[in-house]
Amino acid sequence: MNSIYDKLKQALRQAESHNSSLMVKPEVILWPDPESQWLDVIPVIQKELPQLLIYGNYDTSKKQGPAIWIKCMVAKTLPEANWEDSVTPIIYLPGISKNDFRNVETASLALQPLLEYQYTGTLFTQENGKEWTILALVENVSVGLGGSVLKDLDTKNALKKALPSIFQEEDFFSDKSFIDADSLNYQLLPDLIPSILKWMCKGDVYLQSMGPSKKEVFSSLCQSQYDFLPDEKNMITIAEKLGTQSNSWKQVWQLYAAAPHKFPEIEHLLRLAKPDDLGTGGMFAIPEESWPQVNENKEEELRKALNKASKLNPLEALTLLNSLEKSHQIRRTWVWYELGQSPLVDALQYLCQMAVITTEPFPHATIDELRDYYTSKGYLADQAMRKSLAAVKSEKDKTLIKSLIKTIYEPWLESITKKFQSLVEKDASIFTSQTAIPESEQYVLFVDAFRFELAEEFYERLLKSNYLVTLDSGWSSIPTLTPTAKPNVSPIAADISVTSDIKEFRPQLNSGKDLLTTAFRDALVANNFKFIASNSDIDPETPCWQEIGDIDTKGHEEQSEMVKRIGELFEQVQEIIDTAFEKGVKRIKIVTDHGWLLLPGGLPKTVLNGGLTEERWGRCALIKEEANTDLLSLPWRWNPSIYIAYAPGISFFKINEEYAHGGISIHECLVPTLIVENQNKPKSNARIQEVKWINLKCAVATENAEDGFTIDIRTKYNDEKSSIVLSTNMTIRDNKGSVMVNDEAESQAATIVLLNECGTILDKKLTTVGG
């Protein structure tokens, strides 16, 4: 009971009380309000006090009418008089003072029928006989809130304007030691900074969307706090203030920089407003980061320098890249980076990482030594290469990054592949000693072409979801093609014949059936494994095999463009894992068939005479029995008497492509196995209890929510990027939280979500923005 609303209702009910042994019950309660201060909140009070009538022009929807209508309502001769007989009617009199009732001779004819009520009823006034003003109720210690308010004219006007916003807000005055015009204006316009940015984007159209009071407050605060008058004629000057980030404009810039996509027109204004001279440094220099032209010029400088680096040897290129990184890394904190306008400085960080790893010598005395190097460090070169290419969009930039990859990455890729092939040629037991191992896990998720470096990145992602994860590596069966390699990691491996005939590198079951899709799934069932066609089929009580992923398909179709698909793959796999755990699965094993080589710009080609082969894929071929070849040849996994020849190094038998597998390289042959266990606590019983909108401020009461949980409001509940919240503090404290939302979302349907510290949604509630 600490809002103006609560105190006003309490005072009105107190006015109705009387000592029945000394006086009769008042016929009505007269509420004079000479300045009409309470008029805007009367409809709110009427929702709980249906006996509240308004003196004025006839409008039954507002329970408002002239004196004769009011007398009929008091007498309850009209159907609209829907309150209990024991309740005393309240007559609100906007624009009427107490003295207007006392001066019978001068009272207007319209008011005269109500004058008798001053004798049969009671006046709703303060103890000192004065009318109740907003200020009086806020300051009154015994009846009101006991707040401290500055009594200047600006504060009184601001209090009236802010009343609809603060009327039902609990503890507004108790949370503040002193109330003045600025604190009240900010309550009426709490989203001032976003409002400034929105006005800069929309101009007078945005001003016209404000009510008169809000527009007046906006103009006042703009002048007092930010030294400008919101006039479109001054827009370029105002944009320059934003770009200079001086004084209070620093906060405006920070909000813009945090969410630039919400204010797309600002970029053009900053472009027009850029001063000719930004200064030469020091405390009076104008920030470079504010102006899009500066970023564009630096991107072009970087482009020229990277082009130079692409013509150097790897060590020289590394030196130049490190120097460029020192000069340009600051731009990754600029707003233009957030807007995707700094693709080269984004790629630069990965180029540096790639160059550092690929120019260092690596151990390669044994296969185990080479594997240890790759799984601890070498894979980072592949991640960095992939991310450097994914960072750029234009064909010009792609061509540039590909040339750098060819200069720096290709020699390392060729070197590590040849060293691996040399070691395998001496001892191929990592492939020839493979045998079928019975599957002991209950839930196996097969992710196609999930090469080791992807698994490492996904491993880190799973840890952030608070799952218990282990990552191990093993060797694919060869050749590293799905028809050969996928059966080897499946629960049916023991059912496959090791004397199979080779048909497009596909084996047969012991029964003689060709291992096509139908036969594979039938064999799963025979081994008590259920094939999961969709997430809805997941059964925690039954051994399951599920398949996902089209990275291999995208790689063959899109070549190096597939680097932009990795995020999609991770989301798909994460969704399956989350769903399986929600359905009661305790532990998931993730396996894959093979890795792949990726060399943007094209793998080198090795010519193989077609007359020598029975079957040929990009990186391997089945050589005719009578043919001789110098190529590395190794036994097929499913029939050791059949030998497969492999392309040397990273070369390709067919046309010059960027993506390939089927060969012998650590990138193609080393495959990950992940075990994922759900160690998250059972889902919290925290929930959203109550939602209250006050204009664009949403107050949320929760139940069983820990301090530190957060709330968000989204147009798509499971997509954090659809958030419409402007507040930076969305934290729950003592089961309460509040946020401000974007005014463009007003009246839209949205979902309020309650999240734990990990960002997991614990509860959600539909709402309409603004109530």
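Scroll up a little and you will see the structure.
Overview of the structure. Going along each chain's sequence as written, the residues are numbered from 1 onward. The predicted origin of the model limits local features to residues at a pLDDT of at least 70 and limits the giving and counting of side-chain atom pairs to 80 or more, whereas totals for whole chains, interfaces and linings rest on all residues. Excluding hydrogens and water, the side-chain values take into account all heavy atoms of the structure.

Here, a disulfide means two cysteine sulfur atoms that sit within 2.5 Å of each other. In this structure the tally under the stated criterion is zero disulfides. With no disulfide of its own, Cys-669 lies closest to Cys-620 among cysteine sulfurs, the gap being 11 Å. The buried label goes to any residue with under 20% of its type's maximum accessible area, the exposed label to any with over 50%, and the partly exposed label to all in between, with areas taken from a 1.4 Å probe on protein chains only. Judged by its relative accessible area of 0%, Cys-669 falls in the buried class.

What follows deals with the pattern of salt bridges. We count a salt bridge whenever a side-chain nitrogen from Lys or Arg sits within 4 Å of a carboxyl oxygen from Asp or Glu. This structure, assessed with the given rule, holds 34 salt bridges. Linking Glu-48 and Lys-9 is a salt bridge whose minimum nitrogen-to-oxygen distance equals 2.9 Å. With Glu-48 in the loop between helix H2 (42-46) and strand S2 (52-55) and Lys-9 in helix H1 (residues 4-16), the pair connects residues that are 39 residues apart, well separated along the chain. Taking relative accessible area as the criterion, Lys-9 reaches 9% and is therefore assigned buried. Here Glu-395 makes a salt bridge to Lys-398, at a shortest N to O gap of 3.3 Å. On the criterion of helical spacing, the pair formed by Glu-395 and Lys-398 is a turn pair, its members being three residues apart in helix H20 (residues 395-426). Using a relative accessible area of 55% as the deciding quantity, one classes Glu-395 as exposed. Judged by relative accessible area, which is 9%, Lys-398 ranks as buried. Salt bridges sharing partners connect three or more residues here, namely Arg-386, Lys-387, Arg-451, Glu-453 and Glu-457. The numbering of helices and of strands both runs from the N terminus, where a helix is a DSSP run of H or I of at least 4 residues and a strand a run of E of at least 2.

What follows covers the packing of aromatic side chains. Ring pairs shown here join Phe, Tyr and Trp side chains whose ring centres sit within 6.5 Å, with only the six-membered ring taken for Trp; geometry is labelled stacked below 30 degrees between planes, edge-to-face above 60, and tilted in between. Tallied over the entire structure, the rule returns 24 aromatic pairs. Here the aromatic rings of Phe-362 and Tyr-373 are separated by 5.1 Å at their centres, their planes lie at 15 degrees, and the arrangement is stacked. With Phe-362 in the loop between helix H18 (343-358) and helix H19 (367-390) and Tyr-373 in helix H19, this pair connects stretches of sequence that are eleven residues apart. This pair shows no difference in class: Phe-362 is buried, exactly as Tyr-373 is. On the numbers, 6.1 Å between centres and 55 degrees between planes, the contact of Tyr-374 with Phe-452 is tilted. Taken as a pair, Tyr-374 in helix H19 and Phe-452 in helix H22 (residues 452-464) lie far apart in primary sequence, 78 residues in all. No difference in accessibility class separates Tyr-374 from Phe-452, as the two residues are buried. Feature note: the residues Trp-31, Trp-38, Tyr-92, Phe-124 and Trp-132 constitute an aromatic cluster, connected by ring pairs. A positively charged side chain is recorded as over a ring if its NZ (Lys) or CZ (Arg) lies within 6 Å of the ring centre. The angle to the ring normal must also be within 35 degrees. The aromatic ring of Phe-446 is capped on one face by Lys-486, whose charged end is 5.3 Å from the ring centroid. When the ring centre of Phe-520 is taken as reference, the NZ or CZ atom of Lys-486 above it lies at 4.9 Å.

Moving on to the sheet that holds strand S17 (residues 670-678). On the basis of which strands lie adjacent, the open sheet formed by six strands has the order S7-S17-S10-S6-S9-S8 and mixed pairing. The open sheet terminates on both sides in strands that have one partner only, identified here as strand S7 (467-475) and strand S8 (530-532). Within this sheet the neighbouring strands show an average axis-to-axis angle of 20 degrees, counted without direction. Strands qualify as paired when DSSP identifies two bridges or more between them. With four bridges connecting them, strand S10 (residues 587-591) and S17 associate as antiparallel partners. Looking at S17, one finds that Arg-587 is bridged to Glu-677. Under this scheme, a helix contributes an axis fitted over its contacting stretch, all axes are lines through C-alpha atoms, and angles between N-to-C directions fall in the 0 to 180 degree range.

Our focus in this paragraph is the side chain of Ser-651. Relative to the helices and strands, Ser-651 is located in the loop between strand S15 (639-646) and strand S16 (659-660). Residue Ser-651 is classed as buried on the basis of its relative accessible area of 5%. Between N or O atoms, a polar contact is any pair within 3.5 Å; within protein, one atom must be a potential hydrogen donor and the other a potential acceptor, and residues adjacent in sequence are included only when both atoms are from side chains. Within the structure, the side chain of Ser-651 is placed 2.6 Å from the side chain of Thr-606, a separation counted as a polar contact. Within the local environment of Ser-651, its side chain forms a polar contact with the backbone oxygen of Pro-648, the two atoms lying 2.6 Å apart.

On to the pairing of strand S23 (residues 761-768), then. Two faces make up the sheet, and in a regular strand the side chains alternate between them. Relative to S23, strand S22 (residues 749-755) runs antiparallel, the two being bridged by seven bridges. If you follow Leu-754 over to S23, its bridge partner there is Asp-763. Between the end of S22 and the start of S23, which pair antiparallel, lie five residues, with Gly-759 showing a positive phi angle near 85 degrees.

Backbone hydrogen bonds are what pair the strands of a sheet, in a parallel or an antiparallel way. Strand order across the open sheet formed by three strands is S18-S19-S21, with antiparallel pairing between neighbours. The open sheet has two free edges, formed respectively by strand S18 (687-694) and strand S21 (736-740), since each of these has just one partner strand. Sheet twist, expressed as the mean angle between neighbouring strand axes with direction ignored, is 20 degrees. Where S18 lies against strand S19 (residues 697-703), seven bridges are found, and the strand directions are antiparallel. The partner of Trp-693 across the bridge, within S19, is Cys-698.

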